[in-house]
Amino acid sequence: MAQFPQLFSPGRLGRIPLSNRCLVSSLTRASATESGLVTEQMKQYYLEFAAGGWGGVLSEAIYIDEKYSQGYSFQPGLANVSQTEHWAGLVEAMHAAGAKFIAQLFHGGAVNQGNFWVSGSIAPSAIVPKGVQISRYRGNNGPFQMPQEISRDEIFEVIESYVKAAQNAKAAGFDGVELHGANGYLPDQFLTSYTNQRTDEFGGSLKNRLRFHILILETLRKALPDFTIGVRISQTKVNDLEYQWPGGDEDAKVIFPTLEKAGADYIHVAAHLGVTPVFGTDRSLSGLAKRYTSLPVIANGKLHEPALAEQAIAIGEGDFCSIGKGALADPDWPNKVRSGQSTRSFVPDMISPYATLDNYYDWRSQHS
Ligand SMILES: Cc1cc2nc3c(=O)[nH]c(=O)nc-3n(C[C@H](O)[C@H](O)[C@H](O)COP(=O)(O)O)c2cc1C
């Protein structure tokens, strides 16, 4: 502990007190039942993080309605009573093991390659997403389908679904929710200039492209005044690793304070390299979120080297570090780092050919 005083100091995300600054980043595993129910295998998987000494665990992306929100086959949902009850069993076990657990609320929009409930997809504009379906998440490597442009009425229906899903998350016992506003999914499709060609108040200027995030956060905040509500945001996407906010630092100066004003309790930045400066500034994207707001910020992106994570917090790139692949590789990462042991490194075979739990446990049984 003396070696990493920042990483292992207590902190707070909204109303959630955390014993340290190490968080499991959201990891889609496409391993629920076909109708989006949590399984016993998922429970065992999450409980490994609960035993690993993490300050908090962010759930995989969970879809919010029985309509277009599901993006991946075998993704879990928080859209109905049965899904909520299944999560409740898992959340209770996580709490019994001393973990804090936040639900990530997801709408895939145009990035939809597997949906149990409906066919077709919706998006800010009728534009086929870049790239191909992601085979790791059970996609078929072919192009995404052409989405339908979402109507104004449907936008407000989707916002209501976020609220219902957040209420379900609360009923299931989660400590908070995180709006997945990043990585190329529906909210990010509004924010991104090339996937949003709308001419109404949801398209055009940065303020308009950010309106969907804002309305969701404001509506969630109003419906759940005492619940912790975070937001995840990024430049890059699952299907585009190059995109940058067109206004650079000027966009960051607008985006982060606007999310704060809309009621977010924390900002979680998704990035590939969490401590690389952006836009010619001296700060990473998470560092800019800290610079332009007074909210707690979670830095992310290749921070599994403890010294790097420690430094990220020390120099103000974030207040917390979320770790994805490093957590998947070694659920015991914080316990080991704290006691000076080496951690198991990530290898792509852990999520290849599929990011599923079956694939993962097969890999582990062959490499134990
Ligand atoms: C298998 C896998 C699944 C992921 N699923 C999600 C997800 O459900 N939600 C999300 O916001 N990010 C997801 N991500 C991104 C991670 O949360 C994280 O931002 C990314 O892996 C970079 O952090 P790292 O370098 O520590 O892995 C996923 C990444 C991987 C490798």
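Up top you'll find the structure we're talking about.
So, here is what we can say about the structure in this document.

Conventions adopted
- Every chain begins its residue count from 1, and numbering advances along the sequence as written.
- Selection of residues for local features in this predicted model requires a pLDDT of at least 70, selection of side-chain atom pairs for listing and counting requires 80 or more, and totals for whole chains, interfaces and linings are taken over all residues.
- In computing side-chain properties, one takes all heavy atoms of the structure into account and sets aside hydrogens as well as water.
- We count a salt bridge whenever a side-chain nitrogen from Lys or Arg sits within 4 Å of a carboxyl oxygen from Asp or Glu.
- Under the scheme used here, helices are H or I runs from DSSP no shorter than 4 residues and strands are E runs no shorter than 2 residues, and both carry numbers assigned from the N terminus.
- Only protein chains enter the accessibility calculation, which uses a 1.4 Å probe; a residue whose area is less than 20% of its type maximum is buried, one above 50% is exposed, and one in between is partly exposed.
- One bridge is not enough; two strands pair if DSSP finds at least two bridges between them.
- A fitted line through C-alpha atoms represents every axis, and for helices the fit uses only the stretch in contact; the resulting angles, taken between N-to-C directions, go from 0 to 180 degrees.
- Any two residues having at least one pair of non-hydrogen atoms within 4.5 Å are treated as being in contact.
- For crossovers, right-handed means that the path from the first strand over the helix to the second runs clockwise, given strands pointing away from the viewer.

Observations regarding the pattern of salt bridges
And then number 1: By the definition in use, this model includes 14 salt bridges.
And then number 2: Close ionic contact of Glu-48 with Arg-364 constitutes a salt bridge, the shortest N to O distance being 3.0 Å. Pair noted here: Glu-48 is in helix α1 (residues 40-50) and Arg-364 is in helix α12 (residues 357-366), with a separation of 316 residues, a long-range link.
And then number 3: As a salt-bridge pair, Glu-157 and Lys-67 come within 3.4 Å of each other at their nearest N and O atoms. Of the two residues, Glu-157 is situated in helix α3 (residues 152-172) and Lys-67 in the loop between β4 (56-63) and α2 (81-96); the sequence distance between them amounts to 90 residues.
And then number 4: Of the residues examined, Glu-157 reaches a relative accessible area of 42% and is grouped as partly exposed.
And then number 5: For Lys-67, a relative accessible area of 40% corresponds to the partly exposed category.
And then number 6: Because the salt bridges share partners, they merge into one network encompassing Glu-149, Arg-198 and Asp-200.

Examining the sheet that holds strand β9 (residues 228-234)
And then number 1: An order of β3-β4-β5-β8-β9-β10-β11-β12 is seen for the 8 strands of this closed barrel, with the pairing classed as parallel. Between one strand axis and the next, the sheet turns through 25° on average, direction left out of account.
And then number 2: The pairing of strand β10 (residues 266-270) with strand β11 (residues 297-300) spans 2 bridges and is classified as parallel. Paired with Ile-267 across the two strands is Val-297, which belongs to β11.
And then number 3: Across the face of the sheet, α3 comes into contact with β5 (101-106) and β8 (176-180) while running at roughly 160° to β5.
And then number 4: On top of the sheet, helix α6 (residues 211-223) reaches β8 and β9; it is set at about 170° to β9, its chief contact.

A look at the pairing of β5
And then number 1: By the criterion of burial, β5 is predominantly enclosed, with 6 of the 6 residues buried.
And then number 2: Of the two faces of β5, the one carrying Phe-101, Ala-103 and Leu-105 and the one carrying Ile-102, Gln-104 and Phe-106 are both buried.
And then number 3: For β4 and β5, the ladder comprises 5 bridges, and the chain directions are parallel. In the strand pairing of β5, Ala-61 is matched with Gln-104.
And then number 4: Of the crossover connections in this fold, the one passing from β4 over α2 to the parallel β5 is right-handed.
And then number 5: Relative to β8, β5 is paired through 4 bridges, and the arrangement is parallel. Opposite Ala-103, over in β8, you have Val-177 as the bridge partner.

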